[in-house]
Amino acid sequence: MFRTAQGTMYSLHQLKDPLERPLSEPQPRENAANEVKSCSEPLGELYKSKLLLDISARLWFTYRRKFSPIGGTGPSSDAGWGCMLRCGQMMLAQALICRHLGRDWQWEKHKKQPEEYHRILRCFLDRKDCCYSIHQMAQMGVGEGKSIGEWFGPNTVAQVLKKLALFDEWNSLAVYVSMDNTVVIEDIKKMCWSPPQGSSTAHSTAYLHRGALGRNKNTAGFCTGWKPLLLIIPLRLGINHINPVYIDAFKECFKMPQSLGALGGKPNNAYYFIGFLGNELIYLDPHTTQSFVDSEENGTVDDESFHCQQAPHRMKIMNLDPSVALGFFCKEECDFDNWCSLVQKEILKQQSLRMFELVQKHPPHWPPFVPPSKPEVTTTGAELIESTDKLFELEEEFEILSV
């Protein structure tokens, strides 16, 4: 069987009724990125085509060269060090596609796409004034103890995305990164239902232009209600190698309709995992170096190089480095409630060595939870902020699970 983090299930003999999906958003396209027979048996042409449609619909971010130097004097290519940043971009982009276009959206070469699609893509262009660019991610990583040009781990990229999302008013995501392998329902609901922030503060990421914030401001203004949730769970599934006891639970996560996949790979070699085939993981590989692409005068982007149009790569689960980060997207509160039910049923049924914990109340021994907000910084015009040291405190690393 073959699954990816899209939610619908397929086999060669049976197609699950999409009406069984509990989510309130539009029903997903019939993709082969969920279940097909094992890799030892040939895939039918129908499923091959559906698989390729699912893969090509995702935004594919790879190494780039010839962009403006990071920080003005830094590297003009991320080849050799930016793979985890690119994987983080891919996971976040998939969340934004689900948020604005729905899980049934398809990309076709040379086909006119909605403005929301181009706006999503522009968030990730390799420019210092794009909110999730390689420039912004690398420079925000300085506040996480990572020098520009240094390789990130899954937890670091999760913390960077959480902080950058605070200034992205158009997408207005609530990004929750779990601590100590524990997801706290009370904290997530407090964050997703918190009142919108004022728009008077400046974007505080290192070297960030105010233009990056302006390009992603919600022109319709803020609205109250549930903020769409990007939930990232950094985990350590072993010490030097992944512990086999976690494999079934890890695979169960890809079956959840809220799943965005996982960040991980091998030491200094990151991949974006989107599903599994038997005991192999399916992933998009950022280790291809392409030239910088900018937007056109009309705001569109020549997007062909941002979509993988070939069969995805595979690796055996047991070859996975134990440091990973799971991603989930919950557009509505009912989607999060459904995710909690699935976790209780499928992940927490293990009595020992659970992959992570899901608790209702904030642990009393933890510091009080305060929904993150933009720090106030005084800047003028396109003035660059030289340091994030006083803007954010360094996040603590997650603890290693007992194995």
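Residues numbered from 1 in each chain as written. Predicted model: local features only at pLDDT ≥ 70, side-chain atom pairs only at ≥ 80, totals over all residues. Heavy atoms only, no water.

A. Seen up close, the packing of helix α6 (residues 185-192) against helix α9 (residues 333-347). Where α6 contacts α9, the axes come no closer than 12 Å and their chain directions differ by 170°. Judged by the angle between their axes, α6 and α9 are roughly antiparallel. Contact residues: α6 offers Ile 185, Ile 188 and Lys 189, while α9 offers Glu 333, Phe 336, Asp 337 and Cys 340. (Axes fitted to C-alpha atoms, helices over the stretch in contact; angles between N-to-C directions. Helix = DSSP H or I, 4+ residues; strand = E, 2+ residues; numbered from the N terminus. Parallel < 35°, antiparallel > 145°, perpendicular 65-115°, else oblique. Contact = heavy atoms within 4.5 Å.)

B. Inspection of the side chain of Asp 78 at higher detail. Counting through the fold element by element, Asp 78 comes out in the loop between β2 (64-65) and α2 (83-100). Exposure remark for Asp 78: the relative accessible area of 0% places this residue in the buried category. For Asp 78, the side chain forms a polar contact with the main-chain nitrogen of Arg 64, separated by 2.9 Å. Of note is the side chain of Asp 78, whose polar atom sits 2.8 Å from the side chain of Arg 86. Every residue in contact with Asp 78, bar those within four places of it in the chain, is listed here: Thr 62, Tyr 63, Arg 64, Phe 67, Arg 86 and Ile 134. (Buried < 20%, exposed > 50% of the residue type's maximum accessible area, 1.4 Å probe, protein only. Polar contact = N/O pair within 3.5 Å; in protein donor to acceptor, adjacent residues only side chain to side chain.)

C. Quick peek at the packing of aromatic side chains. Evaluated as defined, the whole model comprises 14 aromatic pairs. Ring centres of Phe 250 and Phe 254 lie 5.4 Å apart, and the angle between their planes is 90°; this geometry places the pair in the edge-to-face category. Note that Phe 250 and Phe 254 are positioned in helix α8 (residues 247-255) at a spacing of four residues, about one turn of the helix. Aromatic pair Tyr 271 and Phe 273: ring centres 6.1 Å apart, planes at 85°, arrangement edge-to-face. Here the two residues Tyr 271 and Phe 273 agree in accessibility, since each one is buried. Through pairs of rings, three or more aromatic residues link up here, namely Trp 193, Trp 226, Phe 328, Phe 336, Trp 339 and Phe 356. (Phe/Tyr/Trp six-rings, centres within 6.5 Å; stacked < 30°, edge-to-face > 60°.)

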